[in-house]
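Structural overview
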Amino acid sequence: MTNYLDFERPLAEIEGKAEELRAMARQNEEMDIEAEAAALDKKAGNLLKDLYKDLTPWRKCQVARHADRPHCKDYIEALFTEYTPLAGDRNFADDHAVMGGLARFNDQPVIVLGQEKGHDTKSRIERNFGMARPEGYRKAVRLMEMAEKFGLPVITLVDTSGAYPGKGAEERGQSEAIARSTEKCLQIGVPVISVIIGEGGSGGAVAFATANRLAMLEHSVYSVISPEGCASILWKDAAKMREAAEALRLTAQDLKKLGVADHVINEPLGGAHRDRDAAMQAVGDAIEKMLSELSGKTGKELISDRRKKFLDVGSKGLAA
């Protein structure tokens, strides 16, 4: 069953009518509804193209948050082999919001890391909706140190609304853990590749995305704050999230112009959730391309490349 976003309601009506006709035909084999259903399919296809032809930043936020988009676990299962999860920060606990471990990508040993949001109520609660606690970032630091020790590229899959803001997380040093993870991304002498697969929210995303190469899915977003949070602070009204989304320049297209993102990965028409396999394959192709770009570089060259990338961020400018 397709979950439709608010702006997709006209599409839901048309596709719903086509499905109703086919359901009636399944119950009565004498009914010939294929021509009418095909006409509705064509109308729905044209409407889908129109809806996604020029999405506003706020609508891109909605697509990026779609519950049916492939999540970190889906990408690991589809793109990596011999995945061996590693748990715990060797200090306090294991954070289930952060997945990570040893794996092979195209038979090349790598460390893969990412935030997992979960796909139903039970898994979302277990994964804390993809919002990592300090132990999650410390687990990431531990795995990045392992990657450097054994000369393994680090691949991160970012999908979080932000780090968990709970009292316990703050007591255990949330901001320090995020800073240490960001610092470790900058320091290690192995390729670091990051893909924003949904939401890239605040420092919780930066701690995983401070990479040599950053790719973003076409309808993903990456921002210092959510549009709702920004609107609440600037206008004291979360309902102004549409204006905030415009001002934040959080889309993949804007961030490519600014030099924050290196690649924009095309999604299937209607978003990654409409054709999960195609979306995951496109991400795999992008990771392969980025690894190829960094192959042959020494540790010092990789660190220098990363440093230059972040010193240059924003230097291109973006017209208001």
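See the structure shown above.
All values derive from a computational prediction rather than experimental measurement.

**With respect to the overall build of the chain**
- On a plain count of helices and strands, the chain comes out with 14 helices and eight strands.
- On C-alpha atoms alone, the chain measures out to a radius of gyration of 21 Å, which is about the 20 Å that the 2.2 N^0.38 rule sets for 320 residues.
- Structurally, the chain occupies a C-alpha span of about 70 × 50 × 40 Å along its principal axes.
- When the 320 residues of the chain are sorted by exposure, 48% land in the buried category.
- If you take every contact in the chain between residues at least 6 apart in sequence, the share linking residues at least 24 apart comes to 72%.

**What to know about the side chain of E116**
- Along the chain, E116 falls in the loop between β3 (108–115) and α5 (121–126).
- We note that E116 is buried and unpaired, the nearest opposite charge coming from R127 at a distance of 5.1 Å.
- At 2.8 Å, the side chain of E116 forms a polar contact with the backbone nitrogen of K73.
- With residues near it in sequence (within four places) discarded, E116 still touches H71, C72, K73, A97, M99, R127 and G130.

**A word on helix α8 (residues 174–187)**
- With 14 residues, α8 should reach 20 Å at 1.5 Å per residue; the first-to-last C-alpha distance of 20 Å fits that figure.
- Taken residue by residue, α8 has Q174, A177, I178, S181, T182, K184 and C185 as its buried positions. The buried residues of α8 all sit within an arc of 160 degrees when viewed along its axis, so they share a single face.
- Buried residues in α8 make contact with α6 (134–150), α7 (167–171), β5 (192–201), α9 (202–209) and α14 (299–312).

**A closer look at unusual backbone geometry**
- Residues other than glycine seldom take positive phi values, yet N106 does so here, at roughly 50 degrees.
- Mapped onto the elements of the fold, N106 is located in the loop between β2 (98–105) and β3.
- What makes N106 exposed here is its relative accessible area of 52%.

**What to know about the packing of aromatic side chains**
- Under the defined criterion, the tally for this structure stands at three aromatic pairs.
- Taking 5.8 Å as the distance between ring centres and 85 degrees as the angle between the ring planes, the aromatic pair formed by Y137 and F208 counts as edge-to-face. In this pair, Y137 sits in helix α6 while F208 sits in helix α9, placing the two residues 71 residues apart along the sequence. Just as Y137 is buried, F208 falls in that class too.
- One residue, R133, lies across the ring of Y164, its end atom 4.8 Å from the ring centre.
- Seen from the ring of F310, K309 lies directly overhead, with NZ or CZ sitting 5.7 Å from the centre.

**A look at the nonpolar core**
- Formed by 32 residues in total, the largest nonpolar core has its most connected members in L113, V154, F208 and Y222.
- Secondary structure elements with two or more residues in this core: β3, α6, β4 (154–160), α8, β5, α9, β6 (213–217) and α12 (252–258).
- Per-element accounting of this core gives the leading share, five residues, to α6.
- Residues within four places of F208 in sequence aside, it is in contact with V98, L113, G114, Q115, Y137, A140, T156, V158, C185 and S194.
- If you look at the next biggest cluster of nonpolar residues, it comprises 26 residues, including C72, A103, F105 and L294.

Quick notes on the rules
Residues numbered from 1 in each chain as written. Predicted model: local features only at pLDDT ≥ 70, side-chain atom pairs only at ≥ 80, totals over all residues. Heavy atoms only, no water. Helix = DSSP H or I, 4+ residues; strand = E, 2+ residues; numbered from the N terminus. Rg over C-alpha atoms; globule rule 2.2 N^0.38 Å. Buried < 20%, exposed > 50% of the residue type's maximum accessible area, 1.4 Å probe, protein only. Contact = heavy atoms within 4.5 Å. Lys, Arg positive; Asp, Glu negative; His and termini not counted. Salt bridge = Lys/Arg side-chain N within 4 Å of Asp/Glu carboxyl O. Polar contact = N/O pair within 3.5 Å; in protein donor to acceptor, adjacent residues only side chain to side chain. Expected span 1.5 Å × (residues − 1). Arc of directions from axis to C-beta. Phe/Tyr/Trp six-rings, centres within 6.5 Å; stacked < 30°, edge-to-face > 60°. Lys NZ or Arg CZ within 6 Å of the ring centre and 35° of its normal. Core = buried A, V, L, I, M, F, W, Y, C linked by side-chain atoms within 4.5 Å.

These figures come from the coordinates and say nothing about function on their own.
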